[in-house]
Amino acid sequence: MNRSDLIGRYPLVQQLIDLEPICWFNPAVTSLTEALPHVGLTREDVADASARLRRFAPYLAEAFPETAGAGGLIESELVAIPRMQSALAQQFSQPIPGRLLLKKDSHLPISGSIKARGGIYEVLTHAEALALDAGLITHQDDYRILFNENCRALFSQRRIAVGSTGNLGMSIGIISAKLGFDVTVHMSADAREWKKAKLRAHGVNVVEYDQDYGVAVEEGRKAAESDPHCFFIDDENSSTLFLGYAVAGERVKAQFDQMGIRVDAKHPLFVYLPCGVGGGPGGVAFGLKLAFGDHVHCLFAEPTHSPCMVLGVHTGLHDAIAVQDLGIDNLTAADGLAVGRPSGFVGRAMERLIDGYLTLEDQQMIDLLGLLDRTEGIQLEPSALAGMPGPIRVCADRRYLERLALSPDTLANATHLVWATGGGMVPAEEMAKYLAQANA
Ligand SMILES: *Cc1c(COP(=O)(O)O)cnc(C)c1O
């Protein structure tokens, strides 16, 4: 289909080309029961990932003492942000009934972003398979055995490669180097200097590109193809990464139980997830759907300059179209979301389970970054604010709320959960620059 046919058929595409902030609620969403067969992954797959992370917990607690308090689980805090909730309602002249929570994956241990879920999980899965295959461990062992010389010698002969805009490279680089792998991160032009410097300090090879994420991934893939001992972590297509993210669902459920927060027909949950290639938000949304069923409503959030997932899902073209094909430049301050072509795997697996998609301007992310700092004293990177206008967009959309058939009483019982995906490790001087760009 050529460009004008595409726009004729999907007027939303013209709005994306015009860099207009949009909000699209997909009329084709279905129940979890109907959608599950299309995902291609199951509840058992997520349980298996969860069990694998528990096997690694003793290793992680020792390798990264900051995880010891949580028994070696890589998990983040869930906090209420009532002052931000009032400030948002006031600024947008839009009441937000219910409560507003923040999931602080921004402050996950080891690498300070949501990638500490999927990225680290995939490296652990690979390491476990190699060590099992070599007869160096069994599932019943205490995985601190991986510190011993035989295991390290095995891993040191193996290479790992990945393409990244920054945070995935950080997660994979740090855990791979810790286990003893020879690891190379192919970094796109968006990647921040401090992330590259941090990786080099950990002994990671960093290859830099002047082009965007798609090129960094492609070059990483090529370099790995010619090397049989190299394992390429494919952010665009990996079900392993996806499952690592999905474990977040049962973890949030346990946190809700502890906080006494209910999710059911009378207590809906809305979750707002920043989206780049789609693996992180897709995996988390899958885990949340398994944990809360049809009472959780997930929305993806993207920069107006990188609206790849909404473009792919809305047109049904998925990874057959990139934002650049329409002249959209994929240049954004939200480096974690600077992706021009979505994961086809995630788009197809999850399209029936994601209620809606929104886009927002870079300056709005920066302004919200400042507002969160002033109201709650929490500092995030720009990407992590993408979901923050979500509650405003949902509460203002009468047609969507009518479709959900939620009464005012039920809406007053809603929980809005904004997923903060990164920022915990941003150096103070970088954070000061972001804050200086925020309008009061
Ligand atoms: C990677 C990333 C995302 C989105 O994850 P994808 O898997 O690329 O969709 C969101 N926020 C931050 C900070 C990230 O680094």
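Now for a description of the structure that goes with this document. (Residues numbered from 1 in each chain as written. Predicted model: local features only at pLDDT ≥ 70, side-chain atom pairs only at ≥ 80, totals over all residues. Heavy atoms only, no water.)

This part covers unusual backbone geometry. A positive phi angle is found at S93, which is not glycine, with a value near 50°. Assignment of secondary structure puts S93 in the loop between α5 (82-91) and β3 (99-104). One non-glycine residue with positive phi stands out, namely I110, at about 80°. Among the structural elements, I110 can be located in the loop between β3 and α6 (115-133). On the accessibility criterion, I110 (5% relative accessible area) is buried. (Helix = DSSP H or I, 4+ residues; strand = E, 2+ residues; numbered from the N terminus. Buried < 20%, exposed > 50% of the residue type's maximum accessible area, 1.4 Å probe, protein only.)

In terms of nonpolar packing, the biggest core is built from 108 residues, with L146, F155, L179, F256 and W419 touching the most fellow members. Tallying contributions element by element places α6 first for this core, with eight residues. When we break this core down by domain, the ones giving at least three residues each are domain 1 (3-111 + 242-439) and domain 2 (115-238). Discounting residues that sit within four places of it in the chain, F256 has contacts with L78, L101, I261, V263, L269, F292, T415 and L417. (Core = buried A, V, L, I, M, F, W, Y, C linked by side-chain atoms within 4.5 Å. Domains from an automatic or database assignment. Contact = heavy atoms within 4.5 Å.)

What follows is about the sheet that holds strand β5 (residues 182-187). Reading across from one edge, β6-β5-β4-β7 is the order of the four strands in this open sheet, with parallel pairing throughout. Lying at the two open borders of the sheet, with one neighbouring strand each, are β6 (205-208) and β7 (230-233). Within this sheet the neighbouring strands show an average axis-to-axis angle of 20°, counted without direction. As judged from the four bridges shared by strand β4 (residues 159-164) and β7, these two strands associate in the parallel manner. Note that in β7 the partner of A161 across the bridge is F232. (Pairing = 2+ DSSP bridges. Axes fitted to C-alpha atoms, helices over the stretch in contact; angles between N-to-C directions.)

Pairing between sheet strands relies on hydrogen bonds along the backbone, with the strands arranged either parallel or antiparallel. Pairing in this open sheet of seven strands is mixed, and the strands run β1-β10-β9-β8-β11-β3-β2 from one edge to the other. Edge strands, defined here as strands with exactly one partner in the open sheet, are β1 (23-25) and β2 (78-80). Here the strands of the sheet are splayed against their neighbours by 20° on average, with no regard to which way each runs. In terms of strand pairing, β3 meets strand β11 (residues 415-420) through six bridges, oriented parallel. Note on β11: the bridge partner recorded for L101 is L417.

This part covers the packing of α6 against helix α8 (residues 167-179). At a closest axis distance of 8 Å, the pairing of α6 and α8 adopts a crossing angle of 35°. Between α6 and α8 lies a crossing of right-handed hand. Residue-level inspection shows K115, A116, G119, I120, V123, L124 and A127 of α6 in contact with α8, the latter providing N167, L168, S171, I172, I175, S176 and L179. Considering only residue class, the contact of α6 with α8 consists of nine nonpolar, four polar and one charged. (Left-handed = near helix turned anticlockwise from the far one by under 90°. Nonpolar A, V, L, I, M, F, W, Y, C, P; charged D, E, K, R; others polar.)

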